[in-house]
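Commentary on secondary and tertiary structure
Below, each chain spelled out in residue letters.
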Amino acid sequence: MTSLTRLVLDPRHPAAKADLADVDSLHKTLMRLVPDHIGPTPRATAGLLFRAEPGTDPVLLVQTAHTPDLTALPTRYGTARTLDLTPLLNALTPGRTMRYRITAAPTVARSAGNPTPHPVTGKRRGKITHLTGDDAIAWWQRRATAAGLEPVTVSCSPRPFPRTRITRSAPYFTLTQFDGLARITDTTHLTHALKNGIGRAKSYGAGLLSLAPA
């Protein structure tokens, strides 16, 4: 069962305050919802995706491939409500128009002269470049099409990537929130995208695609 939890954090709680200020800390807290001993990629195996919603209240949407154990979160961390997404997934039909929202990390690998091939795959990849503005919208339109959605309208706005400590080894992403209307073209690809997320930075609050009836 794929679950979606709406979590309203208490901004006065020390742990919630720390998580709201640093996405690495938030990721570690939400990983408490993931069962132990589920393999080398626990976030992906458990289907953990999350997104901070815009607004005055600190609201998180947290998606998991199971019913989350909210008792694993810090005491009085916030209030939560969990829904089963199965009815929504079963109602997806080609041609139906839906409202969508996703915070994503639009990127492209651009050639930097003659990049060194990967030692195992032999593939050559350029420098990862973050996209904004019209380039980010074009990225989303391509990824939406591949995910079984035909965007009808698109609006975008920058989203923060909060971090209290910057290290050379820690990746940093430029996040963009996309909203609008889209027409369903392929339910198989769309279901996969809904369950697994889209793009990079899924461990840092990106990739969660949400749909609602238009």
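Residues numbered from 1 in each chain as written. Predicted model: local features only at pLDDT ≥ 70, side-chain atom pairs only at ≥ 80, totals over all residues. Heavy atoms only, no water.

Going by an unreviewed UniProt entry, the protein carries the name CRISPR-associated endoribonuclease Cse3 and comes from Streptomyces chartreusis NRRL 3882.

This paragraph deals with helix H5 (residues 133-146). With 14 residues, H5 ought to run about 20 Å at 1.5 Å a step, and its terminal C-alpha atoms sit 20 Å apart, in line with that. Buried residues belonging to H5 abut strand E5 (97-104), strand E6 (107-110), strand E8 (149-151), strand E10 (175-184) and strand E11 (209-213). Looking one or two residues beyond H5, the residue adopting positive phi is Gly148, at roughly 90 degrees. (Helix = DSSP H or I, 4+ residues; strand = E, 2+ residues; numbered from the N terminus. Expected span 1.5 Å × (residues − 1). Contact = heavy atoms within 4.5 Å.)

For the structure on display, the rule yields 7 aromatic pairs. Ring centres of Trp140 and Phe178 lie 5.7 Å apart, and the angle between their planes is 15 degrees; this geometry places the pair in the stacked category. With Trp140 in helix H5 and Phe178 in strand E10, the pair connects residues that are 38 residues apart, well separated along the chain. Just as Trp140 is buried, Phe178 falls in that class too. With a centroid separation of 6.0 Å and an interplanar angle of 35 degrees, the aromatic rings of Phe173 and Tyr204 are classed as tilted. With Phe173 in the loop between strand E9 (155-159) and E10 and Tyr204 in the loop between helix H6 (187-196) and E11, the pair connects residues that are 31 residues apart, well separated along the chain. (Phe/Tyr/Trp six-rings, centres within 6.5 Å; stacked < 30°, edge-to-face > 60°. Buried < 20%, exposed > 50% of the residue type's maximum accessible area, 1.4 Å probe, protein only.)

Interaxial distance between helix H1 (residues 14-21) and helix H2 (residues 23-30) falls to 5 Å at its minimum, and their mutual angle equals 125 degrees. Taken together, H1 and H2 sit at an angle that is classed as oblique. In the packing of H1 onto H2, the handedness of the crossing is left-handed. Judged by residue contacts, Ala18, Asp19 and Ala21 of H1 engage Val23, Ser25, Leu26 and Thr29 from H2. (Axes fitted to C-alpha atoms, helices over the stretch in contact; angles between N-to-C directions. Parallel < 35°, antiparallel > 145°, perpendicular 65-115°, else oblique. Left-handed = near helix turned anticlockwise from the far one by under 90°.)

Further remarks concern the domain arrangement of the protein. Along its sequence, the protein is carved into domain 1 (3-88) and domain 2 (93-186 + 204-213). Spacing between the C-alpha centres of domain 1 and domain 2 amounts to 21 Å. Buried area between domain 1 and domain 2, both sides added, is near 1,400 Å², and the carbon and sulfur share of it is 54%. Across the salt bridge formed by Glu53 and Arg101, the nearest N and O atoms sit 3.1 Å from each other. Applying the counting criterion to the domain 1 and domain 2 interface returns 8 residue pairs in polar contact (both at pLDDT 80 or more). Those elements giving two or more residues to the side of domain 1 that touches domain 2 turn out to be H1, H2, strand E2 (49-53) and strand E3 (59-64). The greatest single-element share of the side of domain 1 that touches domain 2, amounting to 5 residues, is contributed by E2. When grouped by side-chain class, the residues that make up the side of domain 1 that touches domain 2 number 9 nonpolar, 1 polar and 4 charged. (Domains from an automatic or database assignment. Buried area = accessible area lost by both parts, 1.4 Å probe. Salt bridge = Lys/Arg side-chain N within 4 Å of Asp/Glu carboxyl O. Polar contact = N/O pair within 3.5 Å; in protein donor to acceptor, adjacent residues only side chain to side chain. Nonpolar A, V, L, I, M, F, W, Y, C, P; charged D, E, K, R; others polar.)

Bringing the environment of His192 into the picture now. Summarising the element assignment, His192 is placed in helix H6. On the basis of relative accessible area, His192 is assigned to the exposed category, the value being 53%. The spacing of His192 and Ala147 is 45 residues in sequence and 7.8 Å in space, taken between C-alpha atoms.

This paragraph deals with the sheet that holds E2. One open sheet accounts for 4 strands, arranged E2-E3-E1-E4; its pairing is antiparallel. What marks the edges here is a single partner per strand, and that holds for E2 and strand E4 (78-84). On average, adjacent strands in this sheet sit at an angle of 20 degrees to one another, irrespective of strand direction. Strand direction decides the pairing type here: E2 and E3, joined by 5 bridges, are antiparallel. Note that in E3 the partner of Leu49 across the bridge is Gln63. (Pairing = 2+ DSSP bridges.)

This paragraph deals with the environment of Pro35. Along the polypeptide, Pro35 turns up in the loop between H2 and helix H3 (42-45). When the C-alpha positions of Pro35 and Ala46 are compared, they lie 7.5 Å apart, and in sequence the two are 11 residues distant. Once residues within four sequence positions are removed from consideration, Pro35 is found in contact with Ala46 and His66.

With that settled, consider the environment of Pro14. Along the chain, Pro14 turns up in helix H1. Given a relative accessible area of 62%, Pro14 falls into the exposed group. Sequence separation between Pro14 and Pro162 is 148 residues; the distance between their C-alpha atoms is 16 Å.

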